[in-house]
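Structure assessment
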Amino acid sequence: MTVNSGPTRPVVLGQNQYGKAENRVVRITRDGATHHIKDLNVSVSLSGDMDEVHYSGSNAHVLPTDSTKNTVYAFAKEHGIESAEQFGIHLARHFVTSQEPIRRARIRIEEYAWDRIEHTGRGAHSFVRSGQETRLTQITYDGSAWEVVSGLTDLTVLNSTDSEFWGFAKDKYTTLPETHDRILATSVTGRWRFGWSDDAQRMPDWNTSYEEAKKHLLQAFAETYSLSLQQTLYQMGARVVEHRGEIDEVRLSLPNKHHFLVDLERFGLKNDDAEGAVYYAADRPYGLIEATLLREGCEARIPVDLTNL
Ligand SMILES: O=c1[nH]c(=O)c2[nH]c(=O)[nH]c2[nH]1
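Residues numbered from 1 in each chain as written. Predicted model: local features only at pLDDT ≥ 70, side-chain atom pairs only at ≥ 80, totals over all residues. Heavy atoms only, no water.

Turning our attention to the domain arrangement of the chain. For the chain, the assigned domains are domain 1 (17-144) and domain 2 (154-195 + 206-309). For domain 1 and domain 2, the distance between their C-alpha centroids amounts to 31 Å. Contacts between the two partners involve 11 residues from domain 1, matched on the other side by nine residues from domain 2. Regarding the contact of domain 1 and domain 2, the summed buried area is about 1,000 Å², with carbon and sulfur atoms giving 51% of it. Inspection of the domain 1/domain 2 interface yields one salt bridge. Residue glutamate 133 is joined to lysine 214 by a salt bridge in which the shortest nitrogen-to-oxygen separation is 3.1 Å. Where domain 1 meets domain 2, there are five residue pairs in polar contact (both at pLDDT 80 or more). (Domains from an automatic or database assignment. Contact = heavy atoms within 4.5 Å. Buried area = accessible area lost by both parts, 1.4 Å probe. Salt bridge = Lys/Arg side-chain N within 4 Å of Asp/Glu carboxyl O. Polar contact = N/O pair within 3.5 Å; in protein donor to acceptor, adjacent residues only side chain to side chain.)

And the structure:
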């Protein structure tokens, strides 16, 4: 066995992290015959003084990923899951404060929503997975500062009118007709960063904050008479920052889910609004409109590419 250690190395270790990804944890709490469900997918990523395990294979600083998985389940049992954010904060604090070599913990959580099935039978313990968005959060803790970035993905919305797109720049390749009435549809992926960064500051109410941020995104989408998806995006993100003092930065990624009027003239059919218009819902290619909205004076810290988050 070759032990690659010593002061000079031809290849130096760069950024590294490790942990157990995608721990699926479901917690049921019982309130008499009424049950409540929390359904999370939790990924733990730890970093710190981990040179030796990479260079020589010494595992002395390595808390096994298996232990991090067990911690997720034990914490769900012992402390409950009040919100994804609270649960992630608990885990991150535990790893950084209980293992000296671990200097930074990043906890990513996806939360799947369940609705109750309304029925006339016994008890309230039947659920149907909600088809709407997935709630997301990422907690990062380095022993002193916290960063909490929450958000959602797959929130699909559509306005069947009050959307125009005209007056755009044109070149010799432009064929798009100008329109004064079109469908505007998108599937919202968004992240928002909280101003909260240390224990001493009052912590936001994570669940209220999430519900309110989502409500503002939806209302802004519905209430904006749109001249472009870019304008709608700005209104959506700005509304969250304006109404939610705990949120300093919002990043939105909005695919333009194009709906094209089908040409039915070949069949002698006039395809217009009068008798109900028929559209072809194209899934690709799609315009992709992305931007960050920042509270004045705040720093942009959410990565530009949300697929890296
Ligand atoms: O809202 C839009 N923004 C664009 O930038 C764009 N480009 C395009 O072809 N259609 C649209 N729609």
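Attention now moves to the pairing of strand S6 (residues 134-141). A large share of S6 lies buried, amounting to eight of its eight residues. Both faces of S6 are covered, namely the face carrying Thr134, Leu136, Gln138 and Thr140 and the face carrying Arg135, Thr137, Ile139 and Tyr141. Relative to S6, strand S3 (residues 102-111) is paired through seven bridges, and the arrangement is antiparallel. Paired with arginine 108 across the two strands is glutamine 138, which belongs to S6. (Buried < 20%, exposed > 50% of the residue type's maximum accessible area, 1.4 Å probe, protein only. Helix = DSSP H or I, 4+ residues; strand = E, 2+ residues; numbered from the N terminus. Pairing = 2+ DSSP bridges.)

Take the side chain of threonine 189 next. With respect to the helices, strands and loops of the structure, threonine 189 is situated in strand S8 (residues 184-194). We classify threonine 189 as buried; its relative accessible area is 19%. Of the polar contacts made by the side chain of threonine 189, one reaches the side chain of threonine 153; its length is 2.8 Å. The contacts of threonine 189, once residues within four sequence positions are left out, are Leu152, Thr153, Asp154, Arg251, Leu252, Ser253 and Leu306.

Applying the stated criterion to the full structure yields six aromatic pairs. For the ring pair tyrosine 141 and tryptophan 146, a centre distance of 3.8 Å and an interplane angle of 10° mean the geometry is stacked. Judged on exposure class, the residue tyrosine 141 and its partner tryptophan 146 are both buried. Seen from their ring centres, phenylalanine 165 and phenylalanine 168 are 4.9 Å apart, and the 20° between their planes marks the pair as stacked. Grouped by ring-pair contacts, the aromatic residues Tyr141, Trp146, Phe194, Trp196 and Trp206 constitute a single cluster. (Phe/Tyr/Trp six-rings, centres within 6.5 Å; stacked < 30°, edge-to-face > 60°.)

Side-chain pairs of opposite charge can arise where the charged atoms are in close proximity. Scanning the entire structure with this criterion turns up 19 salt bridges. The salt bridge involving aspartate 199 is made with arginine 93; its shortest N-O contact spans 2.8 Å. With aspartate 199 in the loop between S8 and helix H4 (206-223) and arginine 93 in helix H3 (residues 84-98), this pair connects stretches of sequence that are 106 residues apart. Of the residues examined, aspartate 199 reaches a relative accessible area of 42% and is grouped as partly exposed. Of the residues examined, arginine 93 reaches a relative accessible area of 26% and is grouped as partly exposed. Arginine 301 is the partner of glutamate 299 in a salt bridge, and the nearest nitrogen-oxygen pair spans 3.8 Å. Residues joined in a network through salt bridges with shared partners are Lys38, Glu85, Glu111 and Arg135.

As a structural note, the neighbourhood of the ligand is formed by Phe165, Leu176, Arg182, Ser228, Leu229, Gln230 and Asn256. At 2.8 Å, a side-chain N or O of glutamine 230 approaches a nitrogen atom of the ligand. One of the side-chain nitrogen or oxygen atoms of asparagine 256 is found 3.3 Å away from a nitrogen atom of the ligand. Notes on the ligand: free accessible area 290 Å², of which the protein chains cover 71%. Counted by class, the shell around the ligand contains three nonpolar, three polar and one charged residues. (Near = heavy atom within 4 Å. Areas by Shrake-Rupley, 256 points an atom, 1.4 Å probe, with all protein chains shown as cover. Nonpolar A, V, L, I, M, F, W, Y, C, P; charged D, E, K, R; others polar.)

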